[in-house]
Amino acid sequence: MNRDDHLLLLRRCIEISESSKRNGNTPFGALLADDQGRILLEQENIEITESNCTGHAETTLMEAASKKYSRDFLWNCTLYTSVEPCAMCSGSIYWGNVGKVVYGLPEKRLLELTGNHEQNPTLDIPCREIFSRSQKNIEVIGPFEELEQEIIAVHEGYWN
């Protein structure tokens, strides 16, 4: 997969995050793609509408993926997400055995947008740091500066 392929799939994550916001949840979206870039699953956040404090897009997606696909298959897949996975979601990706993560906006930039909003008490732990302390060599690609304004646009007005 090349940079243009990653951008295309990340833009789909931005669309999913827009849907999440429209549906009353925080504006985050993720998808799972196979090793050819075919979308297997898509997921928006569900924490508010389903009263599920762990209902982040990546964690919910990994729950569904682990029921549908083998661990060996998942290792060759890529999880795409609009914003860098938080510590919880990074753990879900690790335990779900996905071998690659591609994200658009870094967690530090998200923290600048959300501040201390109770819906997103951001942990300042980059996913690369979490994965570096693991027993798996999970590849991380991101952030993509050319998508920053598109991602931020979805968050505008939400965290005020």
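Preceding this section is the structure that the text describes.
Here the structure is a predicted model, which means the values were calculated and not measured. For every chain, the first residue of the written sequence is number 1, and numbering continues from 1 onward in sequence order. Local features in this predicted model are restricted to residues whose pLDDT is 70 or higher, and side-chain atom pairs enter the listing and the counts only when it is 80 or higher, whereas totals over whole chains, interfaces and linings include all residues. Excluding hydrogens and water, the side-chain values take into account all heavy atoms of the structure.

### Points about the environment of Ala153
Working step 1: Within the element layout of this structure, Ala153 appears in helix H7 (residues 148–155).
Working step 2: Considered as a pair, Ala153 and Ile14 are 139 residues apart in the sequence and their alpha carbons are 9.7 Å apart. Each helix is a run of DSSP H or I of at least 4 residues and each strand a run of E of at least 2, with the numbering of both proceeding from the N terminus.

### Overview of the pairing of strand S1 (residues 29–33)
Working step 1: With five of five residues buried, S1 lies mostly within the body of the structure.
Working step 2: For each residue, the accessible area found with a 1.4 Å probe, counting protein chains only, is set against the maximum for its type, and the residue is called buried under 20%, exposed over 50%, and partly exposed in between. Of the two faces of S1, both are covered, the one formed by Gly29, Leu31 and Ala33 as well as the one formed by Ala30 and Leu32.
Working step 3: For two strands to count as paired, DSSP must find a minimum of two bridges between them. Taken together, the five bridges between S1 and strand S2 (residues 39–44) define a ladder with antiparallel strand orientation. Bridge pairing in S2 places Leu31 opposite Glu42.
Working step 4: The loop that links S1 with its antiparallel partner S2 comprises five residues; one of these, Gly37, has a positive phi angle of about 85°.

### With respect to the sheet that holds S1
Working step 1: Strand order in this open sheet of five strands is S2-S1-S3-S4-S5, and the pairing throughout is mixed. The open sheet is flanked by S2 and strand S5 (139–141), the only strands paired with a single partner. Strand-to-strand twist across the sheet, computed as the mean angle between neighbouring axes with direction ignored, equals 15°.
Working step 2: Bridge analysis of strand S4 (residues 100–105) against S5 gives three bridges, and the strand direction is parallel. Looking across to S5, one finds that Lys100 is bridged to Glu139.
Working step 3: Sheet strands in contact with helix H1 (residues 3–22) are S1, S2, strand S3 (78–83), S4 and S5, and its direction is about 140° off that of S1. The angle between two axes is taken between their N-to-C directions and runs from 0 to 180 degrees, where each axis is a line fitted to C-alpha atoms and a helix contributes only its stretch in contact. Throughout, a contact is declared for two residues whenever any of their heavy atoms are within 4.5 Å.

### A few points about unusual backbone geometry
Working step 1: Omega for the peptide link from Gly142 to Pro143 comes to 0°, which places this bond in the cis form.
Working step 2: Relative to the assigned elements, Pro143 resides in the loop between S5 and H7.
Working step 3: Residues other than glycine seldom take positive phi values, yet Ser51 does so here, at roughly 45°.
Working step 4: By secondary structure assignment, the location of Ser51 is in the loop between S2 and helix H2 (57–68).
Working step 5: Of note, the phi angle at Asn97 is positive, near 75°, even though the residue is not glycine.
Working step 6: The topology assignment puts Asn97 in the loop between helix H4 (87–96) and S4.
Working step 7: On the basis of relative accessibility, which here comes to 11%, the residue Asn97 falls in the buried class.

### Considerations on the packing of aromatic side chains
Working step 1: The pairing test for Phe, Tyr and Trp rings, Trp by its six-membered ring, is centres within 6.5 Å, and the orientation test on the planes gives stacked under 30 degrees, edge-to-face over 60, and tilted for anything in between. Going through the model one piece at a time under the given rule, you end up with four aromatic pairs.
Working step 2: Centroid distance Tyr69 to Phe73: 5.0 Å. Interplanar angle 25°. Geometry classified as stacked.
Working step 3: On the accessibility criterion, Tyr69 (19% relative accessible area) is buried.
Working step 4: An angle of 75° between the planes, with centres 4.7 Å apart, marks the rings of Tyr158 and Trp159 as edge-to-face.
Working step 5: Through successive ring pairs, a cluster of aromatic residues spans Phe28, Tyr158 and Trp159.
Working step 6: For a ring to carry a charge above it, either NZ of a lysine or CZ of an arginine must fall within 6 Å of the ring centroid while also lying within 35 degrees of the normal to the ring plane. The aromatic ring of Tyr94 is capped on one face by Lys136, whose charged end is 4.4 Å from the ring centroid.

### Let's talk about the side chain of Ser17
Working step 1: One can find Ser17 in helix H1.
Working step 2: The definition of a polar contact used here is a pair of N or O atoms within 3.5 Å, where within protein one atom must be able to donate a hydrogen and the other to accept one, and adjacent residues in sequence count solely through side-chain atom pairs. Within the structure, the side chain of Ser17 is placed 2.6 Å from the backbone oxygen of Ile14, a separation counted as a polar contact.
Working step 3: Those residues in contact with Ser17, other than ones at most four positions away along the chain, are Pro27, Phe28, Gly29, Ser82 and Val154.

### Let's talk about the packing of H2 against H4
Working step 1: Viewed as axis vectors pointing N to C, H2 and H4 meet at an angle of 20°, and their least axial separation amounts to 8 Å. Considering their axes alone, H2 and H4 lie roughly parallel with respect to each other. Pair H2 / H4 crosses with left-handed handedness. Facing H2, whose interface residues are Glu58, Thr59 and Met62, H4 presents Met88, Cys89, Ser92, Ile93 and Gly96.
Working step 2: Looking at the contact of H2 with H4 residue by residue, the classes come out as four nonpolar, three polar and one charged. Every angle not falling under 35 degrees, over 145, or within 65 to 115 is termed oblique; those three ranges are roughly parallel, roughly antiparallel and roughly perpendicular. Should the near helix be turned counterclockwise from the far one by less than a right angle, the crossing is left-handed, whereas a clockwise turn marks it as right-handed. Residue type decides the class: Asp, Glu, Lys and Arg count as charged, Ala, Val, Leu, Ile, Met, Phe, Trp, Tyr, Cys and Pro as nonpolar, and the leftover types, Gly among them, as polar.

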